[in-house]
Protein chains: 2
Amino acid sequence: MKRDEAIPVMEGAVCPVPLAHDVTVVMGHGSGGRMTHDLVQRRFQRVLGNPALEQGDDAAVLRLPQAAGRLAITTDAHIVAPLFFPGGDIGRLAVCGTVNDLAVMGAHPLWLTASFILEEGLPLATLDRVIESMRVAAEEAGVAIVAGDTKVAERGKADGLFISTAGVGWVPEGREASGRLARPGDAVLVSGPLGDHGIAVLEARGGLGLASDIVSDVAPIHGLVEALFEACRQVHVLRDPTRGGLATTLNEIARQSSVGIELDESAIPVRPAVQSACELLGMDPLYVANEGRLVAIIAAAEAEAALQALRRTRYGEGAVRIGRVLADPAGRVLMRTAIGGTRLVDMLAGEMLPRIC
Amino acid sequence: MKRDEAIPVMEGAVCPVPLAHDVTVVMGHGSGGRMTHDLVQRRFQRVLGNPALEQGDDAAVLRLPQAAGRLAITTDAHIVAPLFFPGGDIGRLAVCGTVNDLAVMGAHPLWLTASFILEEGLPLATLDRVIESMRVAAEEAGVAIVAGDTKVAERGKADGLFISTAGVGWVPEGREASGRLARPGDAVLVSGPLGDHGIAVLEARGGLGLASDIVSDVAPIHGLVEALFEACRQVHVLRDPTRGGLATTLNEIARQSSVGIELDESAIPVRPAVQSACELLGMDPLYVANEGRLVAIIAAAEAEAALQALRRTRYGEGAVRIGRVLADPAGRVLMRTAIGGTRLVDMLAGEMLPRIC
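Residues numbered from 1 in each chain as written. Chains lettered and ligands numbered in written order. Predicted model: local features only at pLDDT ≥ 70, side-chain atom pairs only at ≥ 80, totals over all residues. Heavy atoms only, no water.

**Section: the overall build of chain A**
- A tally of helices and strands in chain A yields 10 helices and 14 strands.
- Principal-axis analysis of the C-alpha atoms gives chain A an extent of 75 × 55 × 30 Å.
- Counting the 357 residues in chain A, one finds 62% classified as buried.
- Excluding contacts between residues fewer than 6 apart, the proportion of contacts in chain A whose partners are at least 24 apart in sequence is 84%.
- Working note: accessible area of chain A is about 12800 Å², and carbon and sulfur atoms make up 51% of it.
- Put simply, chain A has 33 plus and 43 minus side-chain charges, and the middle of one group is 2 Å from the middle of the other. (Helix = DSSP H or I, 4+ residues; strand = E, 2+ residues; numbered from the N terminus. Buried < 20%, exposed > 50% of the residue type's maximum accessible area, 1.4 Å probe, protein only. Contact = heavy atoms within 4.5 Å. Areas by Shrake-Rupley, 256 points an atom, 1.4 Å probe, with all protein chains shown as cover. Lys, Arg positive; Asp, Glu negative; His and termini not counted. Charge placed at Lys NZ, Arg CZ, Asp CG, Glu CD.)

See below:
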């Protein structure tokens, strides 16, 4: 934020008071002309700059580090409200969301693109905070933001700031992780407590009055994935349980692989503060979004080695085994409850927490 | 649109009247749960389906057709208003915009991602029209939409439908086109009349009462690029003059290459209807957006061959030579006017036509 204390003025202009377009987003920032150029150079390139982005051409041209292997390609739109929440913001979310979607395919995340839809009137200081947060997250994840675009919508036609990111990663030969590859007998692991992100965003909206210190888990989890592939030979499924939470993610996997998944209720990690918030709100933490957690389905013989490997990583310290894969009932997720019963865990049906990512 | 005549109902539901979520976008469509799945499967995958998209994993995993070469990567956000205009719509625009950004780097466009931000209340029939239009445009451009995402914002927090696309293309070895490579003596070509897109969108907003038949030029121009590379050995710069128009694009090139560019006013192609609309509105067609035009800067010795090659392509029939590259004044664009004078053609300064792409 420091660089905003001295408000930049247009080249050659004598400007005793800040101009509107140096303080907030105006429609001209989306014109594609000089104001767009100034915005891109002063705000985006100065912070996120790298050789590909600085070429200033219509697409970045890049060489893969190795010829053998495949590409992973993904995209996400981010419309979280509010833009800032305990533990993160829309910028960190946008970078981590896309990095994680690449990582769970076994890819080394390499390059990101970012397209911004700005609402007229957005304070440029807010944009700067988000861009700086993206820089930090991209650095942590080891990715470069190689292409971008900025559009401006009239006041009341957007909501502050939306970011769509896309990502390209490189998948080494031999790595095959997919929701289709869960096999009966496999162990189901999760890398840490569930629901932190969703509850942190909800609290940031105010009005809940929970006054807890829940912090979003938003983080890049490519390091967890690399640790798993180093420690194990039979990594079958990797996923990050975002919107819809763990329950929805496991239902997707159960369907893709035509297997059953049985969870052990007592093993599922949920922080007491998240549990309390969920009880108050009538929600189930199994359906609350996470943004820095890894679900891994791995041959049972390797489960212990996988847990040890995960626990040695940043963001993986809380890794635990939460269930197993069964042949039946195909396409279903079951929960063995603490009192010894079994219940069906369905996919999230409708809306629970809008604008959580 | 035909497939919407029979309104689908939820599995197993008995539903004598259409449910709200089968007619319009509701918040639950962005939940990440069952309603999101239904939306993706029934609306997106059914129309855009391809093996990568249908895997249903967090990223598409793809193999490059050839190992040698580089990747081109780009992104664009699309917020055009209205969503439909003569000659196109936001879906065609989103596909062509990204295909063209890849093509002008000399890349074969291969794969696109698309992330959608939907406003609560958007008619699903509107979404279907846009998806179908994307299918047609992607087919024409020879690209597959391999990954996507959908988010839903509350009514009044977005404007119908925004689409961010990213693209990945493959650049054959030896192809080097960049805004930095214009050289004194080069010829400046443009593939057809200027300003059609911007004026078509403006007219679609109504109220202008021009009652002309101007149609957007929105189209994929990868075929023009391929024709140029077949016909010429010294293709230096390729660009599509979108937001900010030809004037802004040429100013960018003049700066990137540190050259001057001189245009011949009498050679610049503008349809009479576009010229009339611009005069009425006090606009200069040089600054109006195009979405299916190619600017090519090529060694003068190859200019005639390049024009002949372009004129044989679809969308390149109207190709003409409009100017030349000079050593001085570096970074500037000049116009030799019809009456024999010379004037400076600057970059677009502020806002002209908001939400044109």
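**As for the interface of chain B and chain A**
- Residue-level contacts link 79 residues of chain B with 79 residues of chain A.
- Across the chain B to chain A interface the summed buried area is about 6400 Å²; carbon plus sulfur atoms make up 53%.
- The largest contributions to the chain B side of the interface with chain A come from B:Asp58, B:Ile73 and B:Arg243, which together make up 12% of the buried area.
- A:Arg180 serves as the salt-bridge partner of B:Asp57, at 3.7 Å between the closest nitrogen and oxygen.
- In this assembly, chain B and chain A are joined by 45 residue pairs in polar contact (both at pLDDT 80 or more).
- Where the side of chain B that touches chain A is concerned, the elements lending two or more residues are helix H1 (34–48), strand E1 (60–62), strand E2 (70–78), helix H3 (90–103), strand E5 (108–119), strand E6 (144–153), strand E7 (161–171) and helix H7 (245–257) of chain B.
- Tallied by class, residues from the side of chain B that touches chain A come to 34 nonpolar, 23 polar and 22 charged.
- As paired elements, strand E2 (residues 70–78) of chain A and E1(B) share 3 bridges and run antiparallel to each other. (Buried area = accessible area lost by both parts, 1.4 Å probe. Salt bridge = Lys/Arg side-chain N within 4 Å of Asp/Glu carboxyl O. Polar contact = N/O pair within 3.5 Å; in protein donor to acceptor, adjacent residues only side chain to side chain. Nonpolar A, V, L, I, M, F, W, Y, C, P; charged D, E, K, R; others polar. Pairing = 2+ DSSP bridges.)

**Some points on H1(B)**
Residues and elements named next belong to chain B.
- Look at H1: 20 Å from first C-alpha to last across 15 residues, which is about the 21 Å you get at 1.5 Å a residue.
- At Gln41, H1 shows its maximal kink, close to 35°.
- Burial analysis of H1 places 11 of its 15 residues in the buried class, the great majority of the element.
- By the burial criterion, the buried members of H1 are Arg34, Met35, Thr36, His37, Asp38, Leu39, Arg43, Phe44, Gln45, Val47 and Leu48. (Expected span 1.5 Å × (residues − 1). Bend = angle between axes of the 7 residues up to and from the residue.)

**A closer look at the packing of helix H2 (residues 34–48) of chain A against helix H5 (residues 124–141) of chain A**
All names here are of chain A.
- As a packed pair, H2 and H5 sit with axes 9 Å apart at the nearest point and diverge in direction by 25°. Classified by the angle their axes make, H2 and H5 are roughly parallel. Along this stretch, H2 crosses H5, giving a crossing that reads as right-handed. Mapping the contact onto sequence places Leu39, Arg43, Phe44, Val47 and Leu48 in H2 and Leu124, Leu127, Asp128, Ile131, Glu132, Met134 and Arg135 in H5.
- Residues belonging to the contact of H2 with H5 are distributed by class as follows: 8 nonpolar, no polar and 4 charged. (Axes fitted to C-alpha atoms, helices over the stretch in contact; angles between N-to-C directions. Parallel < 35°, antiparallel > 145°, perpendicular 65-115°, else oblique. Left-handed = near helix turned anticlockwise from the far one by under 90°.)

**Comments concerning the relation of the copies chain B and chain A**
- When chain B is fitted to chain A, the best match, at an RMSD of 0.0 Å, comes from turning it 180° and sliding it 0.0 Å along the axis. Between the two chains, the operation in question is that of a two-fold axis. Among all residues of chain B, the one whose C-alpha sits closest to the rotation axis is B:Ala158, at a distance of 2.1 Å. (Least-squares fit on C-alpha atoms with pLDDT ≥ 70 in both.)

**Overview of the pairing of E6(B)**
All names here are of chain B.
- Of all the 10 residues making up E6, 8 are buried; the element is thus mostly covered by neighbouring parts of the structure.
- Direction of pairing for E5 relative to E6: parallel, over a ladder of 9 bridges. From the neighbouring strand, Phe116 faces E6, where its bridge partner is Thr150.
- With respect to chirality, the unit in which E5 leads through helix H4 (residues 124–141) into the neighbouring parallel E6 is right-handed. (Right-handed = clockwise from strand over helix to strand, strands pointing away.)

**Comments concerning unusual backbone geometry**
- Cis geometry marks the peptide bond from A:Asp328 to A:Pro329, where omega comes out at -5°.
- Structurally, A:Pro329 can be placed in the loop between strand E12 (320–326) and strand E13 (333–336).

**Regarding the domain arrangement of chain A**
Residues and elements named next belong to chain A.
- By domain assignment, chain A separates into domain 1 (27–59 + 66–172) and domain 2 (187–344).
- Taken together, the contact pairs 23 residues of domain 1 with 24 residues of domain 2.
- When domain 1 packs against domain 2, the two sides together hide about 1800 Å² of surface, and 63% of this comes from carbon and sulfur.
- Contact with domain 2 buries surface across domain 1, with Pro86, Asn100 and Val104 losing the most and accounting together for 29% of the total. (Domains from an automatic or database assignment.)

**Side note on the pairing of strand E11 (residues 295–298) of chain A**
All names here are of chain A.
- Burial along E11 is two-sided: the face carrying Val295 and Ile297 and the face carrying Ala296 and Ile298 are both buried.
- For strand E9 (residues 235–239) and E11, the ladder comprises 4 bridges, and the chain directions are antiparallel. What sits directly across from Arg239, in E11, is Val295.

**Some remarks on the side chain of A:Thr165**
Residues and elements named next belong to chain A.
- In this structure, Thr165 sits in strand E7 (residues 161–171).
- The exposure class of Thr165 is buried, given its relative accessible area of 1%.
- In this structure the side chain of Thr165 is engaged in a polar contact, spanning 3.3 Å, whose partner is the side chain of His78.
- Residues within four places of Thr165 in sequence aside, it is in contact with Thr74, Thr75, Asp76, His78, Ala94, Thr98, Thr113, Ala114 and Met134.

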